[in-house]
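Structural characterization, general
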Amino acid sequence: MTNGGLPPYYFRVKDNGALVFRVDAENRQRRLELNQIATININNGLVKPQGDTELTEADEDAIADWMVARTAELAARDIDDILRAVDHLNLTAHWVQSRATDAQLDAVTDRLLLAMHDLRTVLVKKRADRVLKG
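Please read all numbers here as calculations on a predicted model, not as lab measurements.

Bringing the overall build of the protein chain into the picture now. When you go through the protein chain residue by residue, the secondary structure sums to two helices and four strands. What you see for the protein chain is a C-alpha radius of gyration of 24 Å, clearly larger than the 14 Å of a compact globule of 134 residues, by over 25%. Summarising its shape, the C-alpha atoms of the protein chain cover approximately 70 × 40 × 25 Å along the three principal directions. Going through the 134 residues of the protein chain one by one, you find that 18% of them count as buried. Of the contacts formed within the protein chain by residues at least 6 apart in sequence, a portion of 28% connects residues at least 24 apart. Of the roughly 10700 Å² of accessible surface on the protein chain, a fraction of 55% belongs to carbon and sulfur atoms. A distance of 3 Å separates the average location of the 18 positive side-chain charges in the protein chain from that of its 21 negative side-chain charges.

Glancing now at the packing of aromatic side chains. Taken as a whole, this structure holds two aromatic pairs when the rule is applied. Centroid distance Tyr 10 to Phe 21: 6.0 Å. Interplanar angle 35°. Geometry classified as tilted. You can see Tyr 10 sitting in strand E1 (residues 9-14) and its partner Phe 21 sitting in strand E2 (residues 17-24), a full 11 residues away along the chain. Exposure remark for Tyr 10: the relative accessible area of 38% places this residue in the partly exposed category. Ring geometry for Phe 11 and Trp 66: centres 4.9 Å apart, planes at 5°, overall stacked. Remark: Trp 66 occurs in helix H1 (residues 57-98) and Phe 11 occurs in strand E1; sequence separation between them is 55 residues. Residue classification places Phe 11 among the buried residues on the basis of a relative accessible area of 16%.

Between its terminal C-alpha atoms helix H2 (residues 102-133) stretches 45 Å, which fits the 46 Å expected from 32 residues at 1.5 Å a residue. Along its length, H2 reaches its greatest deviation from straightness, about 40°, at Val 108. Within H2, only zero of the 32 residues are buried, which leaves the element largely exposed.

Right, let's get into a negative patch on the surface. A contiguous patch of negative charge, built from Glu 57, Glu 60, Asp 61 and Asp 65, is present on the exposed surface. By the element assignment, Glu 60 lies in helix H1. Overall, Glu 60 belongs to the partly exposed group, its relative accessible area being 45%.

This part takes up the side chain of Arg 70. Structurally, Arg 70 is set in helix H1. By relative accessible area, Arg 70 is classed as buried at 12%. The residues touching Arg 70, leaving out its near neighbours within four places in the chain, are Val 13, Ile 42 and Arg 77.

The rules behind each value
Residues numbered from 1 in each chain as written. Predicted model: local features only at pLDDT ≥ 70, side-chain atom pairs only at ≥ 80, totals over all residues. Heavy atoms only, no water. Helix = DSSP H or I, 4+ residues; strand = E, 2+ residues; numbered from the N terminus. Rg over C-alpha atoms; globule rule 2.2 N^0.38 Å. Buried < 20%, exposed > 50% of the residue type's maximum accessible area, 1.4 Å probe, protein only. Contact = heavy atoms within 4.5 Å. Areas by Shrake-Rupley, 256 points an atom, 1.4 Å probe, with all protein chains shown as cover. Lys, Arg positive; Asp, Glu negative; His and termini not counted. Charge placed at Lys NZ, Arg CZ, Asp CG, Glu CD. Phe/Tyr/Trp six-rings, centres within 6.5 Å; stacked < 30°, edge-to-face > 60°. Expected span 1.5 Å × (residues − 1). Bend = angle between axes of the 7 residues up to and from the residue. Patch = residues over 30% accessible without salt bridge, like charges linked within 9 Å, V, L, I, M, F, W, Y side chains within 5 Å. Salt bridge = Lys/Arg side-chain N within 4 Å of Asp/Glu carboxyl O.

Written out as structure tokens, the structure reads:
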């Protein structure tokens, strides 16, 4: 690390990637400056330099490393979200069985049944595809 202990790059996350900034804390004014050098699209792997910026090998390596780490982080979050959904389904089942009023059940039953049917259909199809493949 340089810049008084700060990392050399800052990645401002956005929906489909990030904006990449070079961190400069060692300038004459001793102010922290973030200079945008690129835009990343994590979905298609596109790295677009900002304006006339030519990315250095260090820039490209840092961006590639970030993309690998970010992809892994998002994949882990997906699994965590799904496991939380399983917990919510269990909590919902308990709520239905122990506390839900007739009016509350009328408000949610059709939506829950359709969502669960859709999920079950997709899961069964995916499992069958996997079994047939190998």
